[in-house]
Amino acid sequence: MTLGSLVTNPRIMKALIVLALLAYIVSVWGNLKSIRMVNDEEQSKKIKRSVEEVIAPLWDKIHELELGTGPKYPPVKFLSEKDRKRILITGGAGFVGSHLADKLMMDGYEVTVVDNFFTGRRRNVDHWLGHGNFELINHDVVEPLFIEVDQIYHLASPASPPNYMYNPIKTLKTNTIGTLNMLGLAKRVGARLLFASTSEVYGDPEQHPQPESYWGNVNPIGPRACYDEGKRVAETMCYAYQKQEGVDVRVARIFNTFGPRMHMDDGRVVSNFILQALQGQPLTVYGSGSHTRSFQYVSDLVNGLVALMNSNVSSPVNLGNPEEHSIMEFATIIRDLVGSKSRIANLPEVPDDPQRRNPAIEKAERLLGWRPVVPLHEGLNRTIAYFRRELQLQADEYRPRARLARTRHQPLHRL
Ligand SMILES: O=c1ccn([C@@H]2O[C@H](COP(=O)(O)OP(=O)(O)O[C@H]3OC[C@@H](O)[C@H](O)[C@H]3O)[C@@H](O)[C@H]2O)c(=O)[nH]1
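Quick notes on the rules
- Residues numbered from 1 in each chain as written.
- Predicted model: local features only at pLDDT ≥ 70, side-chain atom pairs only at ≥ 80, totals over all residues.
- Heavy atoms only, no water.
- UniProt positions renumbered as here; feature names shortened; annotations may be inferred.
- Helix = DSSP H or I, 4+ residues; strand = E, 2+ residues; numbered from the N terminus.
- Near = heavy atom within 4 Å.
- Polar contact = N/O pair within 3.5 Å; in protein donor to acceptor, adjacent residues only side chain to side chain.
- Domains from an automatic or database assignment.
- Salt bridge = Lys/Arg side-chain N within 4 Å of Asp/Glu carboxyl O.
- Buried < 20%, exposed > 50% of the residue type's maximum accessible area, 1.4 Å probe, protein only.

1. Observations concerning the UniProt feature "domain: NAD(P)-binding" (unreviewed entry) in the protein
At step 1: Here the UniProt-annotated "domain: NAD(P)-binding" (unreviewed entry) positions come out as residues 88-382.
At step 2: Along residues 88-382 the backbone is 37% helical and 18% strand, and the end-to-end C-alpha distance reaches 28 Å.

Below, the structure written as structure tokens:
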């Protein structure tokens, strides 16, 4: 059969056309496949690149941790096992408690902070989180606590008048049931307990300055009674446990204290005046402003608490700075230090407000070798700097306002 006859044969011709078509399809499919393979390769390279970008910082972090260059803590002294006491601070995330935690941590002790975060804040102690000597427990002292410790600083309680008056029953429970629970713990584990009492046990004092021997002048049914009487009965409990159960107790009567980490809007006079001066608001003086207070800086107080805890003085000791000012003087001092043009506004006086307060500190000087050393202006400047920073940090989120007391003449005047 010749080639010509093959081409002219229609059946063979059809078969040749089908074959040619098949060959074409196969070649097109082959080309497509090779194009797809090139795309796939590029895609997987891209994915690999972006995964590397995400993972790289994690590798750096792991490397950092391996080298021990992770979170940086303030320098901590090394103490041998024998000297490294286990210390509990109730209310340790609060204003005074967190400064005390700093000191005890830096001195090398094992510190357990217990707080219910009613007025305490996690960020006051978050620079210690993760440290081997530090533990933070979210717990309310109104419930019993079972841990092993050598010393207990029992500070848990709201301290600013608007805060402690906000829920008087809770303030009473914290100072009574809470103190019973902590004394029970001290008894069980043989720990020494220091109770943070207050100058408010002297009420509106008729003796001036106030020595520890003064019994006070407290209205037992007034608006401040939940705190004043709560603290007074807590002192009674300490000495009952000492007498009946042999618990080793210390009682610090703490006078007005200020410093960084005070709540900006907790309603105390220092925080109110600084905030008002920084925001150009009127400084609110309750009554004529002739009543007096004596203010100590927080680091002085912390040194006093530690000296008292480690002393052999078990009767109450005043801790305060005897430099006394009228509230009106105090308003002008703060306004001048802030450099503010705020005016001073006199509001109605608050009920049962103690008229004069000044600590007699001879006992602390004689028996503890302690006296306050930070001058008022220096402490105020540090506190003002802290409030300025806080206001900047919070500028985008929320504008704190000074909190005003409830007065005899409700509602409060508009300023
Ligand atoms: O805006 C304000 C706030 C307060 N004040 C006055 O300033 C004085 C001090 O008031 P604070 O609220 O700071 O503190 P107080 O002295 O009343 O109570 C304090 O006493 C000692 C501690 O135990 C407690 O921290 C707290 O109860 C009071 O006379 C108060 O009436 C003002 O005039 N204007």
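What follows picks up the thread again.
2. Examining unusual backbone geometry
At step 1: Here the amide bond leading from histidine 208 into proline 209 is cis, since omega sits at -15 degrees, within 30 degrees of zero.
At step 2: Considering the arrangement of structural elements, one finds proline 209 in the loop between strand E5 (192-198) and helix H6 (225-245).
At step 3: Phi at phenylalanine 117 takes a positive value of approximately 60 degrees, unusual for a residue other than glycine.
At step 4: Tracing the sequence through the fold places phenylalanine 117 in the loop between strand E2 (110-115) and strand E3 (134-138).

3. Looking at the site of the ligand
At step 1: Within the structure, the ligand sits among 24 residues, and Thr198, Glu200, Thr284, Arg293 and Asp353 are positioned closest to it.
At step 2: Take threonine 198: an N or O atom from its side chain is 2.6 Å from an oxygen atom of the ligand.
At step 3: Arginine 293 places a polar side-chain atom, nitrogen or oxygen, 2.6 Å from an oxygen atom of the ligand.
At step 4: For the shell around the ligand, the secondary-structure elements that each account for two or more residues are helix H4 (161-166), helix H7 (269-278) and strand E8 (283-286).

4. A look at the domain arrangement of the protein
At step 1: Domain boundaries in the protein define domain 1 (3-66) and domain 2 (86-394).
At step 2: Using only C-alpha atoms to locate each centre, domain 1 and domain 2 end up separated by 76 Å.

5. Side note on the pattern of salt bridges
At step 1: Counted under the stated rule, the structure contains 21 salt bridges.
At step 2: The salt bridge partner of arginine 86 is aspartate 150, with a shortest N-O separation of 3.0 Å. Residue arginine 86 is found in strand E1 (residues 86-90), and its partner aspartate 150 is found in the loop between E3 and strand E4 (151-154); the two are separated by 64 residues along the sequence.
At step 3: Judged by its relative accessible area of 28%, aspartate 150 is partly exposed.
At step 4: Its salt-bridge partner being aspartate 140, residue lysine 170 comes within 2.6 Å of it at the nearest N-O pair. You can see lysine 170 sitting in helix H5 (residues 168-189) and its partner aspartate 140 sitting in the loop between E3 and E4, a full 30 residues away along the chain.
At step 5: Several salt bridges share partner residues, and in doing so they unite Glu200, Arg224, Arg293, Asp353 and Arg357 into one network.

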